[in-house]
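An overview of the molecular structure
Letter by letter, the chains look like this.
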Amino acid sequence: MDACAQSEINEIPHQDADFRALSSHYARGIIVADFGSKSAKGVDLGGLSASNKEINDEDARLVFINNPERTSGKFEYPVNKIKTSKYSILTFLPRNLFEQFRRVAYLYFLVIAILNQLPQLAVFGRGVSLIPLAFVLIVSAVKDGYEDYRRHRSDKFENRRLAMVLSEYQFQPKKWKDICVGDIIKVYKNETIPCDMVLLSTSDPTGVAYLQTANLDGESNLKARYAKQETQMANTVERISGVIKCEKPNRNIYGFHANMNIEGKFASLGPSNIILRGCELKNTELAIGIAVYCGKETKAMLNNSGAPSKRSRLETRMNREIIYLSLLLGVMCVIVCTCYGVWLKKHSDELNMMQFFRKTDYSDNESGENYDYSSGIVNILFDFLMAIIVFQVMIPIALYISMELVRLGQAYFMVQDKNMYDESTNSRFQCRALNINEDLGQIKYVFSDKTGTLTENKMEFQCATIGQVDYSNGEAGIEDFATGFLAQADGVVLKPKVSVKVDQRLLKLSRSDSTEGRRVHDFFLALAACNTIVPVTFDTPDPGLKLIEYQGESPDEQALVYAAATYGFMLVERTAGYILIDVLGNRKRFNVLGIHEFDSNRKRMSVVLGCLDATVKVFVKGADVSMFSVADTSSNLDILKATEDHLHSYSSKGLRTLVIGKRELSSSEFDEWQSSYQSAASALLGRANLLKSVANNVENHLSILGASGIEDKLQQGVPDAIESLRKAGIKVWVLTGDKQETAISIGFSSRLLTEQMTQIVINCNSKESCRRFLEDFLLLTVERVSNGAPDTETNNGFALIIDGTSLVHILDSELEAQLFELAAKCKVVLCCRVAPLQKAGIVALVKNRTDDMTLAIGDGANDVSMIQKADVGIGISGQEGRQAVMASDFAMAQFRFLVPLLLVHGHWNYHRMAYMLLYNFYRNAVYVLVLFWYMPYVAFGVTTAITDWSGMFYSVIYTSLPTIIVGILDKDLRRRTLLKYPELYGAGQRNESYSGKLFWLTMLDTLWQSVAIYFVAIPVYWATEIDVSSIGDLWIIAVVVVVNLHLAMDVLRWDWMVHASIWGSIIATFICVMVVDCLLFLPGYWAFFHVSGTVLFWFCLLGMIVGALLPRFIVKAVVQSYRPSDIQIARESEKFVIYWGILSLSSETASRKRGPVTMGQEDDGCTEKQAMVVEGKFTHHEAEEKIIEAEVQNLKLSSPVKLVSSSSVVDEVSNWSSQCSDHAGGTEKDNPSVEFLPKSTDSHSPEPHKKLEQPKFHVVERKHHLPNNKSHHDEDDNYSLTSPTATSLRTAKITVPVAPKFTCVDRLQRRKEFYSKLEEKHKALEKEKVEYEARIKEEEQAALKLMRKNMNYKANPVPSFYHEGPPAKVELKKIPVTRAKSPNLSRRKSCSDTVMKLSPSEKAPVHGGATHRRSLGGTAKGTKASPLSLKSKAVNGSPCPNGATKVAVES
């Protein structure tokens, strides 16, 4: 113990001589038992176990302290220079080409290009044939080069940073890249650690240094690291010498194993003695260390490998179709060369007279030799190879670059989606893997962690059981946050940063000296001392108040220390050798004699303290099972039973529990422990096992003090998210390390479990018992299904709950198949007390036995193996660091963001990518088949009518851009629809957009279109003088127009970019064809102008287009009308609903009582709101235009604008919906729900002399109604609705459901009749509106005549709202709307709630069709029933149970 520490002990009051003597006997630097480092975290990143092995001569490295020349010269360790870049100037071209040609398709096109360079096989121009491949390679190379340039720039900045390195007995600045192993480095406060260093000394006398490891693992809490006393107490570190024997470099950032020999003194080193590259020094003025790992061998660089590469399911299946296309290409080439051979044989006698086949040399040739042409076999072989070159486009080379660009665009929109932005953490969605975007639309299983993923991982102390008493914060003695204890020192008040609710009984007991008080005292002292928390103080604007924050790796420890501080046991200071705790106003110092850290085997943590009364106490905390197994059962039976009962109660509430115990060591026990602990801590071999043995020996015969209950609240939106995922057909499995009771409680609160579910619980301790339970439960599920008990509202299926002990016997055994069979029959699977490797094993269990896509989501290091094992891994950037984020494919801040990610972006990405793949196969096959049909007309000699340049431009310019734009921007359904009907997500799970059937149907359509394009032109130009180049231009133009119109027929969302890409590609084709035909040195000069100058060309082109696309159009119309999919029906509900839109505008003006369309009544001269209503029939986009137009007039949109339809068609909607649902077997759930709005309540109709002028309107502020109450602009803005001024009009909003699939032809006819009637009703309403306006105009004219005759008439002043010129400040009238329960596709019986809102002075329907009027201060008139007693019926006429109608009266 150093002198400073001894003097501090002597200065502490209330210490007797015995304590000082004992303190001087054992006080020294803290020794942390790491038990193989961070095994408690459960991290398994591969290659991490090296730090847990014992050091031998073969696996060790030697570092000579302060002698880098000897260290590096003998062992050739690398310097500290880092290199994350992949290429250099010399290696970029060969290495990048090598990486790109690892794709088999690129090798195929390279072989094709090489064959085309041979004179005998040169079908295209030699340069032209290289353009497609060169274009793809250049684009990829430019992208890779730019990314590598950024890495070069980052490396250059890092390598040129300066550090203070010891040289010639003084510290001098040195570049990071020049630091060597063995250098002694000095780091100052807030500086970054340049390499992995063993800490030698710090500015703190006890040798402690605080680090922030956010750059390494994302954790912002401070970590304490310690210098060994042998080096901390050295007089001059500059002259220290010795040797360190440490393990070889590995990736485990939580482990380090080494021994140090300092001038003949041996010391052991662990994770608490090493500081890693990338960390920052905090709260410590300086630290000195020796470099042990530099450059690429540092743990930060070894962990910089990124997430493992994954391939999407669509890309994997695409390879199958490419194989089919390759076989088709081979068949076509065989047909061509075979027919060519037949033709050669048939015309063998005529070949000698043909221009390119004769062998006789008719020129003056004295030798008499003839031409030596190849034989027929060789010609057939050449013809086969040339056919491959001509038909090479069948394999779409542009598809790969198109997929990369589309994925990049999709990732951009996912990152920019504000619905996945977390304001509390200021974090956006991260897309770390660009090659599996489309997999998000096919997920069937979601494996989720609980703590930090479903919950916030922000622990809050709720209750405690001490002795046999349960002190719960839910009881009536609780005060607010301000009743906690505040410590004082030197006139400054210390207040915990986080407040905890206080139980007054417990607070009173902590200050008493009774038996219970002493037990409470020991309980909170254990909470304050048994941890690795670092206290940090912060100043506040009040100079007399400081905040104290507790930083540590575990949120549980933070919550417990904050609770202890609130009850008067405030941890104030922590050093390497002692802790300072303010106990009820008295600062007490406790010497930390040793810490046994938590590990996954013991599931406990303990600290050995030297107390002020010269005693030594061991405080232990841990899981209930592990603590009860080491408890002293001789005198604690009652306490144990009571504590166990309280723990069960806490777990049932979803609280996290820890049991607290203590033990007082006698002098002999302490001496024995001290000797064993020192021997184990300094052991060169078997240190980890020895430390575990010492911990187990001292953690025995514990006196149980009590237990704590900590609440980990659910994240916002988790229950709704799980419900949406379940409706989408996604099975959610929760894998957690918590207790079974806690996990079940969280399952109920998150709606993962329901009361109607049958719970299957498996807690077994042997393999045979597991086998028996699995067989019994499988038989139970089979019997339930065979007895005809399907899932209903009263029977929601099974929920499997299994613990980690049972999984030990099941996984990697023959019982896996039975477990999967049972789990597949359950709706929910909840795994408790599972280890990290077991999480990965459960994911593998599903992946190995099904083709369904899996997704794993977690936030901690213990979830890394699960995230990497699943098809899609998502990391939550939460409280447990960024290990999960760094190993994931995608990262986000909240679990609820999983809903828009999967149901919206996943659906869109899958649909876009699937369509793009099929479209690329189609467009290339159409072009190749047109070339193939031309072969018989040139004797199968592989001569093409289309020019070489047009053939090369086809995939690069003519057709590439539209498919990329559509692949990025197209949306088959709106966001609102996808979130409203999660069942639509099942389209991706069922592979509705991409399958083998769709591929062959696409190829069949391709075959027909190629036939129509080719054979329409043949008879038209058969007897004309049109040459080959001219008809080739016709064919290439027809192909381009057809494939682009084919794409246009399937586009679902049009904007200017889609228009520009599709029609621009067609125009670009015409321009390129004309330019190519204008060049004299190219074949086909002026061919296009020759053929296009006639009307026949354009009629022929039109016939090709119609003939090619008409069958597709007819089939598509028939299928969508008679056998539509759910997506098509949902799209029709968005497309065909016609709304009666009413935009209501209001402004505040000074007017009299009587005025047009009065919103509120005041006394004369007072301000009142007046409104002007603009009525009309609007579609969604027309309403958008109206609102945008309003911005010019500075009108304010005070509420969302909603589109409504006339109530006169409500009955028609009801009849149509009920008839359709009855005929199709639907239920009431499929019917539209109608939300009625009141009719106009203005009792003061416009006066005749008041002239109504329709103001121009504009919006300067828009308020959007989106899911989760997020204010975000989206194309699917929900517009609010208001009622018209005419009392004869009544309005209602119609919510059109996504109906089930059509099952008969009558559905189509009924739908058509409904829309025709709807249109007639709208016309009638328009007519009524015109008549009303005409009547008002006549009344106004009559009023004006009366004014002129009556000279004594004094008119009321006209409000400024009706004056000419700019209107007053106007805002849209806000009509609150309660949304009725929306129907879904599940066909479950329910009653659609009819929401009725009654405002003052308005009419409301009553029984028998009667109406009554309510005034502001009066009662209902003209009716016998109170409006609050009204009952309504559902849309289809069936009564709602239990008065489902909601009635709200506005004041």
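To keep things clear, this report deals only with the structure shown in the data block. (Residues numbered from 1 in each chain as written. Predicted model: local features only at pLDDT ≥ 70, side-chain atom pairs only at ≥ 80, totals over all residues. Heavy atoms only, no water.)

Spatially, E15-E36-E35-E34-E16-E30-E33-E32-E31 is the arrangement adopted by the 9 strands of the open sheet, whose pairing is mixed. Strands at the two margins of the open sheet, each flanked by one partner only, are strand E15 (430–431) and strand E31 (758–762). Direction of pairing for strand E32 (residues 798–803) relative to strand E33 (residues 828–832): parallel, over a ladder of 5 bridges. Along E33, the bridge assignment pairs Leu800 with Val829. (Pairing = 2+ DSSP bridges. Helix = DSSP H or I, 4+ residues; strand = E, 2+ residues; numbered from the N terminus.)

Opposite charge on two side chains lets them pair, provided their charged atoms get close. With the rule as written, the count across this model stands at 40 salt bridges. The closest approach of N and O atoms between Glu549 and Lys497, which form a salt bridge, is 3.6 Å. With Glu549 in strand E22 (residues 545–551) and Lys497 in the loop between strand E20 (492–496) and helix H13 (504–510), the pair connects residues that are 52 residues apart, well separated along the chain. The network of salt bridges with common partners includes Lys767, Glu768, Arg771 and Glu814. (Salt bridge = Lys/Arg side-chain N within 4 Å of Asp/Glu carboxyl O.)

Let us look at the packing of helix H12 (residues 398–415) against helix H28 (residues 898–934). Where H12 contacts H28, the axes come no closer than 11 Å and their chain directions differ by 160 degrees. The pairing of H12 with H28 is recorded here as roughly antiparallel in orientation. The interaxial crossing formed by H12 with H28 has right-handed handedness. Every residue of H28 that contacts H12 at Ala398, Leu399, Ser402, Met403, Val406, Arg407, Gln410, Phe413 and Met414 is listed here: Leu901, His905, Asn909, Arg912, Met913, Met916, Leu917, Asn920, Phe921 and Arg923. In the contact of H12 with H28, the residues fall into 11 nonpolar, 5 polar and 3 charged. (Axes fitted to C-alpha atoms, helices over the stretch in contact; angles between N-to-C directions. Parallel < 35°, antiparallel > 145°, perpendicular 65-115°, else oblique. Left-handed = near helix turned anticlockwise from the far one by under 90°. Contact = heavy atoms within 4.5 Å. Nonpolar A, V, L, I, M, F, W, Y, C, P; charged D, E, K, R; others polar.)

Looking at helix H20 (residues 718–727), one finds that the buried residues are Val718, Pro719, Ala721, Ile722, Ser724 and Leu725. Those residues of H20 that are buried are in contact with strand E29 (703–714), strand E30 (731–735), helix H21 (740–749) and H28. Backbone geometry just downstream of H20 places Gly729 in the positive-phi region, at approximately 85 degrees. (Buried < 20%, exposed > 50% of the residue type's maximum accessible area, 1.4 Å probe, protein only.)

For Val942, which is not a glycine, the phi torsion comes out positive at approximately 55 degrees. For Val942, the location among the structural elements is in the loop between H28 and helix H29 (948–958). Phi is positive for Asn991, close to 55 degrees, though the residue is something other than glycine.

Of note, Val336 is situated in helix H10 (residues 313–346). Under the relative-accessibility criterion, Val336 is labelled buried at 0%. Separated by 603 residues in the primary sequence, Val336 and Ala939 place their C-alpha atoms 9.1 Å from one another. Discounting residues that sit within four places of it in the chain, Val336 has contacts with Asp383, Ala387, Phe391, Phe932, Met935, Phe940 and Val942.

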